[in-house]
Amino acid sequence: MEETKIFTTDELEAELITETIKEVAEILEERGYNAKNQLVGYLMSGDPGYISSHKEARNKITKFERTRVLEVLVDNFIK
């Protein structure tokens, strides 16, 4: 039997950010955009115009602080 895992709010937020990035990337690609370029543009500049409003992608990604999104991306890369 598996033990119960206790998650911190930081872990839950990080997972939500990870899933949101994946979802936004899919939406951008669906619209014909290069998702990587668009996400980098947004994260570097802070301009939400890099993210399409299609299927609420812009609203989804801007719910999180850009610095927190970057932290999650780096954490996922370094792990």
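Up top is the structure these notes are about.
Calculation criteria
- Residues numbered from 1 in each chain as written.
- Predicted model: local features only at pLDDT ≥ 70, side-chain atom pairs only at ≥ 80, totals over all residues.
- Heavy atoms only, no water.
- Helix = DSSP H or I, 4+ residues; strand = E, 2+ residues; numbered from the N terminus.
- Buried < 20%, exposed > 50% of the residue type's maximum accessible area, 1.4 Å probe, protein only.
- Contact = heavy atoms within 4.5 Å.
- Lys, Arg positive; Asp, Glu negative; His and termini not counted.
- Charge placed at Lys NZ, Arg CZ, Asp CG, Glu CD.
- Core = buried A, V, L, I, M, F, W, Y, C linked by side-chain atoms within 4.5 Å.
- Polar contact = N/O pair within 3.5 Å; in protein donor to acceptor, adjacent residues only side chain to side chain.
- Axes fitted to C-alpha atoms, helices over the stretch in contact; angles between N-to-C directions.
- Parallel < 35°, antiparallel > 145°, perpendicular 65-115°, else oblique.
- Left-handed = near helix turned anticlockwise from the far one by under 90°.
- Nonpolar A, V, L, I, M, F, W, Y, C, P; charged D, E, K, R; others polar.

Colleague: Before we move on, could you go through the overall build of the protein chain and cite the residues and values that matter?
Modeller: Secondary structure summary: the protein chain contains four helices and zero strands in total. Starting at the N terminus, the α and β elements of the protein chain follow one another as α-α-α-α. Projected onto the principal axes, the alpha-carbon positions of the protein chain cover approximately 45 × 25 × 20 Å. Counting only residues that meet the buried cut, the protein chain has 28% of its 79 residues in that class. Pairs at least 24 apart in sequence give 49% of the contacts found in the protein chain among residues at least 6 apart. Computed over 11 positive and 16 negative side-chain charges, the separation of the two mean positions in the protein chain equals 6 Å.

Colleague: Please set out the nonpolar core residue by residue, giving values where relevant.
Modeller: Core analysis: the biggest nonpolar cluster contains 16 residues, and V24, L39 and I51 have the highest contact counts within it. Where this core is concerned, the elements lending two or more residues are α1 (9–30), α2 (35–45), α3 (57–61) and α4 (66–78). Of the residues forming this core, the biggest block, six residues, is contributed by α1. Dropping the residues within four chain positions of it, V24 is found in contact with L39, I51, A57, K60 and I61.

Colleague: Run through the side chain of S52, naming residues and quoting values.
Modeller: Residue position: S52 is located in the loop between α2 and α3. What makes S52 buried here is its relative accessible area of 12%. A polar side-chain atom of S52 sits 2.9 Å from the main-chain amide nitrogen of H54. When sequence neighbours within four positions are dropped, the list of residues in contact with S52 reads L28, R31, Y33, A57 and R58.

Colleague: Tell me about the packing of α1 against α2, and please be specific about residues and values.
Modeller: One can describe the packing of α1 onto α2 by two numbers: an axis separation of 9 Å at closest approach and a directional angle of 120°. Judged by the angle between their axes, α1 and α2 are oblique. Regarding α1 and α2, the two cross each other, and that crossing is right-handed. When α1 is examined against α2, the residues I21, V24, A25, L28 and E29 are found in contact with a partner set consisting of A35, Q38 and L39. Per-class residue counts for the contact of α1 with α2 are six nonpolar, one polar and one charged.

Colleague: Explain α2 to me, and be specific about the residues and the numbers.
Modeller: Among the residues of α2, A35, Q38, L39, G41, Y42 and L43 are the ones counted as buried. Buried residues in α2 make contact with α1, α3 and α4. If you check the start of α2, you find a side-chain oxygen 3.1 Å away from the backbone N of K36, and it comes from N34. Trailing α2 by a residue or two, G46 shows a phi angle of about 85°, which is positive.

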